Amino acid sequence: MLGMKTKTCDVVVVGAGPAGLSAAEAAKSAGAGNVLIVERDAAAGGILRQCIHPGFGLKVFGEELTGPEYAERYIERAAAAGAELLTGTTALELRDRELVCASPSGIVNLRFGALVLAMGCRERTRANLVIPGARPSGIYTAGTAQKLINLFGDKVGREVVILGSGDIGMIMARRLTLEGAHVKAVVELLPFLAGLARNKAQCLDDFGIPLLLSHTVVDIDGVDRLTSVTIAPVDEKRRPIPGKEEKIACDTLLLSVGLIPENELSRTGGIALSPVTRGPVVNQFKQTSNPAVFACGNVLHVNDLVDHVSVESAEAGRNAALYAAGALPSAPAFPTVAGPGVRYVCPQSVVADGGEDVTLFFRTTLPGRRTEFLCTSGGKVLATRKSPRTSPGTMEQLVIPKDAVAALDGPVEVRCEHGEVLA
Amino acid sequence: MKKTITCTVCPRGCEIEAEYTSAADIAVKGHSCPRGERYAKDECLAPKRVFTSSVRIDAPGRRMLPVRTSAPVAKDMLIPCAEAAHGIRVEGHVNVGDVIRRDFLGTGADLVASMTL
Amino acid sequence: MVKTDVLIIGAGAVGVAIAREFSKFRGRVLVCDRNDDVGGDASKSCSGLTSTSATMPVGTLECKIRTIAHTMVDVLCRDLDIPIIHCGSIAPVLTDDQMEQVPKLLDKAWQNGVWDYEFMPREEILEMEPTLNPAIRGGIYSPRDSQINQFLMVVAEAENAAENGVEFLLDCEVTGIETRDGRVRRVITTKGEIEATWVVNAAGLHCDDIAKMVGECDFAVHPRKGEFYVLGHDTPVKVKHIISSVPTPKTRGVLVIPTTDDNVLVGPTADDVEDKTDRKTTRAGLEEVRTKALEMVPGLCFADTITQFVGARPARVPEGYHILVSEKARGYVGISGIRSTGLTASLALGKYVVHEMRGAGLALERKVGWVRTRRGIVKFAGKSDAEKDALIARDPLYGKIVCRCEQVTEAEIVQAIRRPVGARTLDAVKRRVRAGMGRCQSGFCGPQVLAILSRELGIPESDVRKRGVAAFMLDHPTDNN
């Protein structure tokens, strides 16, 4: 081990994207002595650096910023708070109280009082969907195409079909159109939009790009470069309807079919993961199954808005600092349960500590109108909220008041009742 | 004239119904905030969008500089703006907010850097 | 005009093994291939199984070559640093029909000299491989069946051949062969003309097209398509042995394979098709693989699929290994009928073909200083902290992780490109060092590998290919659609 470096920090944060920057700032502000952010890229900012479109920051800053602008504000805030940033450094392995990292200057072992996981997410691929057909070039995930165009200045293709109506896919439909490509269709398997309604309006409708709901790609052709995709409508069980196939000539297929929390590092540390969110199982402190390890942002569960990520991550950072100082409260914890109409609830448990209100984040299974959200425990209603419109693309929240948190004595259920289901 | 508008001001995406005869007479309903009301009225008369793109830059380790317009521009100017952005090359150090093109294509909005490089 | 003593057409397992055998002797040897990389079509996308001759047709040339070849595999892997796992195979017996086949299979294996191919009762098999369907009646255990990294095998042989003087012409398709006075004279390719004394046709799927050029084609070749799934490292149910269907004369059926890279490979189908370019997976084919695999290993988790692909084995009609040293077109050697058994067989085929050519008058003189061994690219992933630190100290690019899924560093990617017969496309990089082989399927590292290829090869990014002649990664100025 001669020559190998070791460093001890109160709080180590993995990832300098919006989650990590916010967590680091908050950890430092909460009194942590030294806070170190480990970032594999050459610069901080994470995925926001390639999200050059506007739409960020309305909740946190009260104005509409582009991704790079939003990132820059948090880079400054983290630096001003005194968090240290180590770029070009990849976290390889999480051990009990140690993080092994690699950079061109060697291996460094970071000993931590608390660790915050903020690695973000990755895109689902063609293989996750089982799209049969050829394997030509010209098939990209939407985020990869975004990186090639916005960061590399490359041109990816001319005649484009997009599978999946996720936000990145719709944003890329607009971006490609502005870059001179012809986006022929956005094809969505589900009978409803996967992303936000405003992105359909400003990215598809503005440019007359057709959205085909309840359709999917059933075949791909092209020996070298992609030459066409075949699409077909699907029945209510989402199976393609035979005889209704339509071939669309194109040289590019973008996939915007969902994001998956990037938890390979968490796995090396034996952190318990949720099979639904595919992120760590946490309590309201964002504390994982390893009490010294916290998680926030898209590594925890895929968020709709970066503003939510920043807020949630600040809590994770602050709690990590408290834990490192031995000051995080402990009390019995009770599980949260996704009731009817709810896909998941994050956090997965609530510690019955009455220090603060607890916000539960959740997503619905179906879109609807005149929806009521209810949070109950043992027959008692802890929180409730009404919403004129809701969709699985939007992350919903309910706040349990701190008195109710302190009085918890059983599981907490969240359910959703639509006045009208839109699917 | 009647129009259904999906508001893009915030992620909520309110569905706003607008009915109008002239600029002075626009009735909107379904919005949840004053910004939404203003947005819906603009959509009836002169839709506007913030334009964003990335332009070439000569900076160490970077090839592209993200840019935006300082204010929304007329929607039908988006494509001309994108075409003009292709020809832009920036040199040297840039701070976020630095003006790259003043009154970009006569839209009244400046094209500004959205990142410090 | 390029002049050579030997021109080998086809840089798959067979062509490269022949080239490496020739590299021991004086004389110029060229290998050309229409693909951008060595590994051919069938070799690079086969199951990577290297098995005994237990199920081979008794008394055939194929059986003879395969039997000899199997004894040579381990030495090759040791000399050339090729990953191999000696996991053995199990064919679970599930039905009465299969049970009836067992004595015949054991008898055939015995005749082929595979005396350790044996039937074992249910309990014993389940203890060895607890992931198997508990409803099995028993299983046939074949202890000397192994799993090799088939692509690295061809790359290792090619690199070693190149170090010993063999030249590789890739992206080079043969379009014609001129014969005069009963001899081959000149080979016309997309990269110019080559004057060759000997022309060895090891073109696999395309060997009938080449054979026609010298009028020595009394057979046809079509692709036998095989569809595969690859499951990720962290899939919960993994097999310890190669699990194969009870073999039929045509194919070994669907296999569930533990790969040398710790993935699970599941497949293939065996569908005869006409179009030689057809590499399309199909809903029906993938479903067939899934169903058959789940019958044997019910716990397999297909939700952990990282990719699906098609391998195309050359199917000869009429079938059987054929090595032709032509009388009609002297100097022409045609190799055909090398089907899915060819990966293992290639090792002995190299010897056999050179031996036959000597018999036909080729004089060979042993070279001085032939290099027997080659080392692979040192992997970063899986090393201890201290070993990783030492690698980075030697080459700081080992500290730049490019592919996060497989923990592949820039150092490995650069070596993959700079080595002899180096990678020139994204797929070639992927096959050598696994960048892009993980769960994100190059979503993250693709743009970086693209940039590294562009830098190392000195070409614009728009000219970087995924593979093949025209599968450009980005929009390419020559595309007209």
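Criteria and thresholds
Residues numbered from 1 in each chain as written. Chains lettered and ligands numbered in written order. Predicted model: local features only at pLDDT ≥ 70, side-chain atom pairs only at ≥ 80, totals over all residues. Heavy atoms only, no water. Helix = DSSP H or I, 4+ residues; strand = E, 2+ residues; numbered from the N terminus. Rg over C-alpha atoms; globule rule 2.2 N^0.38 Å. Buried < 20%, exposed > 50% of the residue type's maximum accessible area, 1.4 Å probe, protein only. Areas by Shrake-Rupley, 256 points an atom, 1.4 Å probe, with all protein chains shown as cover. Lys, Arg positive; Asp, Glu negative; His and termini not counted. Charge placed at Lys NZ, Arg CZ, Asp CG, Glu CD. Contact = heavy atoms within 4.5 Å. Buried area = accessible area lost by both parts, 1.4 Å probe. Salt bridge = Lys/Arg side-chain N within 4 Å of Asp/Glu carboxyl O. Domains from an automatic or database assignment. Polar contact = N/O pair within 3.5 Å; in protein donor to acceptor, adjacent residues only side chain to side chain. Nonpolar A, V, L, I, M, F, W, Y, C, P; charged D, E, K, R; others polar. Phe/Tyr/Trp six-rings, centres within 6.5 Å; stacked < 30°, edge-to-face > 60°. Core = buried A, V, L, I, M, F, W, Y, C linked by side-chain atoms within 4.5 Å. Pairing = 2+ DSSP bridges. Axes fitted to C-alpha atoms, helices over the stretch in contact; angles between N-to-C directions. Parallel < 35°, antiparallel > 145°, perpendicular 65-115°, else oblique. Expected span 1.5 Å × (residues − 1).

1. Observations regarding the overall build of chain B
So, point 1. Helices and strands together make up the secondary structure of chain B, namely two helices and ten strands.
So, point 2. Ordered by position from N to C terminus, the α and β elements of chain B give β-β-β-α-β-β-β-β-α-β-β-β.
So, point 3. The C-alpha radius of gyration of chain B comes to 17 Å, more than 25% above the 13 Å expected for a compact globule of 117 residues.
So, point 4. Over its C-alpha atoms, taken along the principal directions, chain B stretches across nearly 50 × 25 × 15 Å.
So, point 5. Every one of the 117 residues in chain B was classed for burial, and the buried ones make up 44%.
So, point 6. Accessible surface, chain B as shown: approximately 6,000 Å² in total, 50% of it carbon and sulfur.
So, point 7. When the 17 basic and 14 acidic side-chain charges of chain B are each reduced to a single mean position, those positions are 4 Å apart.

2. Notes on the interface of chain B and chain A
So, point 1. Listed as interface residues are 31 residues of chain B and, on the opposing side, 32 residues of chain A.
So, point 2. Taken together, the two surfaces of chain B and chain A that pack against each other cover about 2,700 Å², and 52% of this comes from carbon and sulfur.
So, point 3. Interface area lost by chain B to chain A is led by Thr-8, Pro-11 and Thr-52 of chain B, which between them contribute 19%.
So, point 4. Applying the counting rule to chain B against chain A returns four salt bridges.
So, point 5. Between Arg-389 of chain A and Glu-15 of chain B there is a salt bridge, and its shortest N-O distance comes to 3.4 Å.
So, point 6. Elements with a contribution of two residues or more to the side of chain B that touches chain A: strand S5 (52-59), strand S6 (62-69) and helix H2 (78-86) of chain B.
So, point 7. Here the side of chain B that touches chain A takes five residues from S6 of chain B, the largest share from any one element.

3. Quick word on the domain arrangement of chain C
All names here are of chain C.
So, point 1. For chain C, the assigned domains read domain 1 (2-44 + 151-219 + 318-359), domain 2 (89-143 + 222-313) and domain 3 (385-472).
So, point 2. Averaged C-alpha coordinates put domain 2 and domain 3 at centres separated by 32 Å.
So, point 3. Contacts between the two partners involve five residues from domain 2, matched on the other side by six residues from domain 3.
So, point 4. For the pairing of domain 2 and domain 3, the buried interface totals around 430 Å² over both sides, and the portion due to carbon and sulfur atoms is 43%.
So, point 5. When the buried area of domain 2 at its contact with domain 3 is split by residue, His-233, Asp-261 and Ile-306 rank highest and sum to 77% of it.
So, point 6. Inspection of the domain 2/domain 3 interface yields one salt bridge.
So, point 7. Counting across the interface, domain 2 meets domain 3 through four residue pairs in polar contact (both at pLDDT 80 or more).
So, point 8. When grouped by side-chain class, the residues that make up the side of domain 2 that touches domain 3 number one nonpolar, three polar and one charged.

4. Quick word on the side chain of Ser-326 of chain C
Residues and elements named next belong to chain C.
So, point 1. Within the secondary structure, Ser-326 sits in the loop between strand S19 (322-325) and strand S20 (332-336).
So, point 2. With a relative accessible area of 5%, Ser-326 lands in the buried category.
So, point 3. Here the side chain of Ser-326 touches Lys-328 through a polar contact of 3.2 Å, landing on its backbone nitrogen.
So, point 4. A polar contact of 2.8 Å, which involves the side chain of Ser-326, links it to the backbone nitrogen of Ala-329.
So, point 5. Those residues in contact with Ser-326 that lie beyond four places of it in its chain are Glu-216 and Tyr-332.

5. Some points on the pattern of salt bridges
So, point 1. Enumeration according to the criterion identifies 79 salt bridges over all chains in this entry.
So, point 2. As a salt-bridge pair, Lys-276 of chain C and Asp-209 of chain C come within 3.1 Å of each other at their nearest N and O atoms. With Lys-276 of chain C in the loop between strand S17 (271-272) and helix H8 (283-296) and Asp-209 of chain C in helix H7 (residues 207-213), this residue pair connects regions lying 67 residues apart in the sequence.
So, point 3. Looking at Asp-209 of chain C, the relative accessible area reads 31%, which means it is partly exposed.
So, point 4. Ionic contacts of the salt-bridge type, sharing partners, join the residues Arg-122, Glu-262, Glu-264 and Arg-267 of chain A together with Asp-234, Arg-404 and Arg-439 of chain C into one network.

6. Observations concerning the packing of aromatic side chains
Residue and element names in this part refer to chain A.
So, point 1. The final tally for this structure, using the stated rule, is ten aromatic pairs over all chains.
So, point 2. Centre to centre, the rings of Phe-362 and Phe-373 are 5.2 Å apart; their planes meet at 70 degrees, and the pair counts as edge-to-face. On the criterion of sequence distance, the pair formed by Phe-362 in strand S23 (residues 358-364) and Phe-373 in strand S24 (residues 368-377) is long-range, its members being eleven residues apart. Each member of the pair Phe-362 and Phe-373 is classed as buried.
So, point 3. Among the aromatic residues, those joined into a ring-pair cluster are Phe-61, Tyr-70 and Tyr-74.

7. Points about the nonpolar core
So, point 1. Counting residues in hydrophobic clusters, the biggest one holds 55 residues, and the most contacted among them are Ile-8, Phe-22, Val-38, Phe-168 and Ile-335 of chain C.
So, point 2. In terms of residue count, helix H6 (residues 150-163) of chain C provides more of this core than any other element does, nine residues in total.
So, point 3. Leave out the neighbours within four places in its chain, and Phe-22 of chain C touches Val-6, Ile-8, Val-29, Val-354, Met-357, Leu-362 and Leu-364 of chain C.
So, point 4. Residues Ile-149 and Ile-209 of chain A together with Val-402 and Ile-452 of chain C belong to the second largest nonpolar core, which totals 48 residues.

8. Brief notes about the interface of chain A and chain C
So, point 1. Chain A puts 54 residues into the contact, and the matching count from chain C is 50 residues.
So, point 2. Interface area, chain A with chain C, both sides summed: about 4,200 Å², of which 50% is carbon and sulfur.
So, point 3. When the area that chain A buries against chain C is broken down by residue, the three leading residues are Pro-104, Arg-135 and Arg-158 of chain A, summing to 15%.
So, point 4. Our count for the contact surface shared by chain A and chain C stands at nine salt bridges.

9. Some points on the sheet that holds strand S27 (residues 412-421) of chain A
Residue and element names in this part refer to chain A.
So, point 1. Pairing within the open sheet is mixed, and its five strands lie in the order S22-S20-S27-S24-S25. Strands at the two margins of the open sheet, each flanked by one partner only, are strand S22 (349-351) and strand S25 (380-390). The sheet shows a mean angle of 20 degrees between the axes of neighbouring strands, direction not considered.
So, point 2. Judged from the three bridges that link them, strand S20 (residues 333-338) and S27 form a sheet pairing that is parallel. Looking at S27, one finds that Ala-338 is bridged to Val-414.

10. Observations concerning the pairing of strand S21 (residues 342-346) of chain A
Residue and element names in this part refer to chain A.
So, point 1. Of all five residues in S21, four are buried; the element is thus mostly enclosed.
So, point 2. Judged from the four bridges that link them, S21 and S23 form a sheet pairing that is antiparallel. Of the residues in S23, the one forming a bridge with Cys-346 is Phe-361.

11. Comments concerning the domain arrangement of chain B
So, point 1. Taken as a whole, chain B is organised into domain 1 (2-45) and domain 2 (52-113).
So, point 2. Inter-centroid distance (C-alpha atoms) of domain 1 of chain B to domain 2 of chain B is 29 Å.

12. Some remarks on the packing of helix H2 (residues 61-70) of chain C against helix H9 (residues 342-359) of chain C
All names here are of chain C.
So, point 1. For the pair H2 and H9, interaxial distance at closest approach is 7 Å and the crossing angle is 100 degrees. When the axes of H2 and H9 are compared, the pair comes out roughly perpendicular. Between H2 and H9, the contacting residues are Leu-61, Ile-65, Arg-66, Ile-68, Ala-69 and His-70 on the first element and Thr-344, Ala-345, Leu-347, Ala-348, Leu-349 and Tyr-352 on the second.
So, point 2. Taken together, the residues of the contact of H2 with H9 sort by class into nine nonpolar, two polar and one charged.

13. Regarding helix H5 (residues 167-178) of chain A
All names here are of chain A.
So, point 1. Taking 1.5 Å per residue, twelve residues should reach 16 Å; H5 reaches 17 Å between its end C-alpha atoms and fits that length.
So, point 2. Counting buried positions over the twelve residues of H5 gives eleven, a clear majority of the element.
So, point 3. Within H5 the residues assigned to the buried category are Asp-167, Gly-169, Met-170, Ile-171, Met-172, Ala-173, Arg-174, Arg-175, Leu-176, Thr-177 and Leu-178.
So, point 4. Note on H5: the residue one or two positions beyond its end, Gly-180, has a positive phi of about 100 degrees.

14. Here we look at unusual backbone geometry
So, point 1. In the segment running from Gly-267 of chain C into Pro-268 of chain C, the intervening peptide bond is cis, with an omega of 0 degrees.
So, point 2. Structurally, Pro-268 of chain C can be placed in the loop between strand S16 (264-267) and S17.
So, point 3. With an omega dihedral of -10 degrees, the bond running from Val-317 of chain C to Pro-318 of chain C counts as a cis peptide bond.
So, point 4. Phi is positive for Lys-286 of chain A, which is not a glycine, with a value near 70 degrees.
So, point 5. Relative to the helices and strands, Lys-286 of chain A resides in the loop between helix H7 (264-268) and strand S19 (293-295).

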